[in-house]
Amino acid sequence: WLAQPPSLNSRFKMSHPLLISEKHKLCFIHMPKTAGQWTKRFLLKLDVGFKRVKNTKNFIDIPLASNFNNDYYKFGFVRDPVDWYQSFFNFQSDDFHNRFLFDRMMVAWDINEYITNIKNVRLTKARMTLMYNYIFSVGHENECKNIFKYENLYDSLLKILNDKGIDASSLMEKEKTQKRNASKKECREKINQESLDFIYESCKGIYEKFNYKRRYV
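So, how was this worked out
Residues numbered from 1 in each chain as written. Predicted model: local features only at pLDDT ≥ 70, side-chain atom pairs only at ≥ 80, totals over all residues. Heavy atoms only, no water. Helix = DSSP H or I, 4+ residues; strand = E, 2+ residues; numbered from the N terminus. Contact = heavy atoms within 4.5 Å. Areas by Shrake-Rupley, 256 points an atom, 1.4 Å probe, with all protein chains shown as cover. Pairing = 2+ DSSP bridges. Axes fitted to C-alpha atoms, helices over the stretch in contact; angles between N-to-C directions. Salt bridge = Lys/Arg side-chain N within 4 Å of Asp/Glu carboxyl O. Buried < 20%, exposed > 50% of the residue type's maximum accessible area, 1.4 Å probe, protein only. pLDDT = per-residue confidence, 0-100. Phe/Tyr/Trp six-rings, centres within 6.5 Å; stacked < 30°, edge-to-face > 60°. Lys NZ or Arg CZ within 6 Å of the ring centre and 35° of its normal. Parallel < 35°, antiparallel > 145°, perpendicular 65-115°, else oblique. Nonpolar A, V, L, I, M, F, W, Y, C, P; charged D, E, K, R; others polar. Arc of directions from axis to C-beta. Polar contact = N/O pair within 3.5 Å; in protein donor to acceptor, adjacent residues only side chain to side chain.

(A) Spatial organisation of the overall build of the chain. When you go through the chain residue by residue, the secondary structure sums to eleven helices and five strands. Sequence-distant contacts, at least 24 apart, represent 77% of the contacts inside the chain between residues at least 6 apart. Accessible area for the chain stands at about 11,500 Å²; split by element, carbon and sulfur atoms hold 49% of it.

So, in structure tokens, the structure goes:
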């Protein structure tokens, strides 16, 4: 299964549904580890017509998003690749998520061993850069043109909603505070230069498209 693309691997079916608003013609595409769960909860709390749409065939949301015509404003968020790898490492090494062989093995690894083993088993395209494959996968390059930076999540989301006539500022202030109070402090292990180089090479398109800066030790 390691070599299979995510859309062909039933074990990686996305359990999190797409979120749409027929009334406002909005379609939120969830990219892993970019506050997607928080964003969905926020949109549902607005109570302005958002609903869940279960994706039962593919891991990624974009093929399902193609079911909605161009009248829909389809949007999602992308994250600095180094921070995204670190976040995914923390997520997979958590006791709750280490149910599979690769996850159980990595509990003993640090972030650099994790990235080394990703390179060795060629998981880059099959598992670790799923978020980026959403944007650049063949046939879906134009499916979600409205990609924003995770680092500007609050402001970007407010603008998207405001452009559709939805005032979410009051709820945003409340939810931002709760999110900060509830957020777990993620482990920030030191990433060596070899790992940083690998992340840059495997996600070069994201660095270039979104002007993320390459990192050095």
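Having seen the structure, we can now continue with the description.
(B) Layout of the sheet that holds strand S2 (residues 26-28). Reading across the sheet, the five strands line up as S3-S1-S2-S4-S5 and stay open at both edges, with mixed pairing between neighbours. Each edge of the open sheet is held by one strand with a lone partner, namely strand S3 (50-53) and strand S5 (146-149). Strand after strand, the sheet turns through a mean of 25 degrees between neighbouring axes, direction not considered. Relative to S3, strand S1 (residues 18-21) is paired through four bridges, and the arrangement is antiparallel. Its bridge partner lying in S3, Leu18 is registered against Val53. The strands touched by helix H8 (residues 153-163) within the sheet are S2, S3, strand S4 (73-78) and S5, with S4 carrying the most contacts at an inclination of about 175 degrees.

(C) The arrangement of the pattern of salt bridges in detail. With the rule as written, the count across this model stands at eight salt bridges. Salt-bridge contacts for Lys159 lead to Asp163; the nearest nitrogen and oxygen are separated by 2.9 Å. In this pair, Lys159 and Asp163 both sit in helix H8, four residues apart, roughly one turn of the helix. For Lys159, a relative accessible area of 52% corresponds to the exposed category. As a salt-bridge pair, Asp197 and Arg214 come within 3.1 Å of each other at their nearest N and O atoms. A residue pair is termed long-range when its members are at least 10 positions apart, and Asp197 in helix H10 (residues 193-202) and Arg214 in the segment after helix H11 (204-210) qualify at 17 residues.

(D) Summary view of the confidence of the model for the chain. Per-residue confidence for the chain gives a mean pLDDT of 75; residues scoring 70 or more make up 64%. By mean pLDDT, the top-scoring element of the chain is H8 (96), and the lowest-scoring one is helix H6 (residues 124-128) (46). Note on residues 1-14: pLDDT is under 50 here. Beyond four places in sequence and across chains, it has 30 contacts.

(E) Representation of the packing of aromatic side chains in the model. Taken as a whole, this structure holds eleven aromatic pairs when the rule is applied. Considering the side-chain rings of Trp84 and Tyr85, the 5.7 Å spacing of their centres and the 80 degrees angle between planes classify their relative orientation as edge-to-face. Since its relative accessible area comes to 0%, Tyr85 is described here as buried. One aromatic cluster is present, built from ring pairs that chain together Phe28, Tyr73, Phe75, Phe77 and Phe148. Above the ring of Tyr150, the side-chain terminus of Arg79 is found at 4.3 Å from the ring centroid.

(F) Looking closely at helix H1 (residues 36-45). Listed in full, the buried residues belonging to H1 are Gly36, Trp38, Thr39, Lys40, Phe42 and Leu43. Residue Asp47 follows H1 closely and has a positive phi angle near 55 degrees.

(G) Representation of the packing of helix H3 (residues 81-93) against helix H5 (residues 111-120) within the structure. Relative to each other, H3 and H5 sit at 95 degrees, their axes nearing to 11 Å. Classified by the interaxial angle, the pair formed by H3 and H5 is roughly perpendicular. Here Tyr85, Gln86, Phe88, Phe89 and Gln92 of H3 come into contact with H5, specifically with Ile111, Tyr114, Ile115 and Ile118. Here the residues of the contact of H3 with H5 are counted per class, giving seven nonpolar, two polar and no charged.

(H) Inspection of H5 at higher detail. Looking only at H5, the buried set comprises Ile111, Asn112, Tyr114, Ile115 and Ile118. Buried residues along H5 cover an arc of 160 degrees about the axis, so they all sit on one side. For H5, the side-chain oxygen to backbone nitrogen distance between the N-cap and Asn112 is 3.0 Å, and the N-cap itself is Asp110.

(I) A look at the environment of Lys23. Among the structural elements, Lys23 can be located in the loop between S1 and S2. Along the sequence, Lys23 and Val48 sit 25 residues apart, while their C-alpha atoms lie 8.1 Å from each other.

(J) Just unusual backbone geometry, in detail. Although it is not a glycine, Lys25 sits at a positive phi angle of roughly 55 degrees. With respect to the secondary-structure elements, Lys25 resides in the loop between S1 and S2. On the basis of relative accessible area, Lys25 is assigned to the partly exposed category, the value being 29%. Even without glycine at this site, Asp47 takes up a positive phi of about 55 degrees. With respect to the helices, strands and loops of the structure, Asp47 is situated in the loop between H1 and S3.

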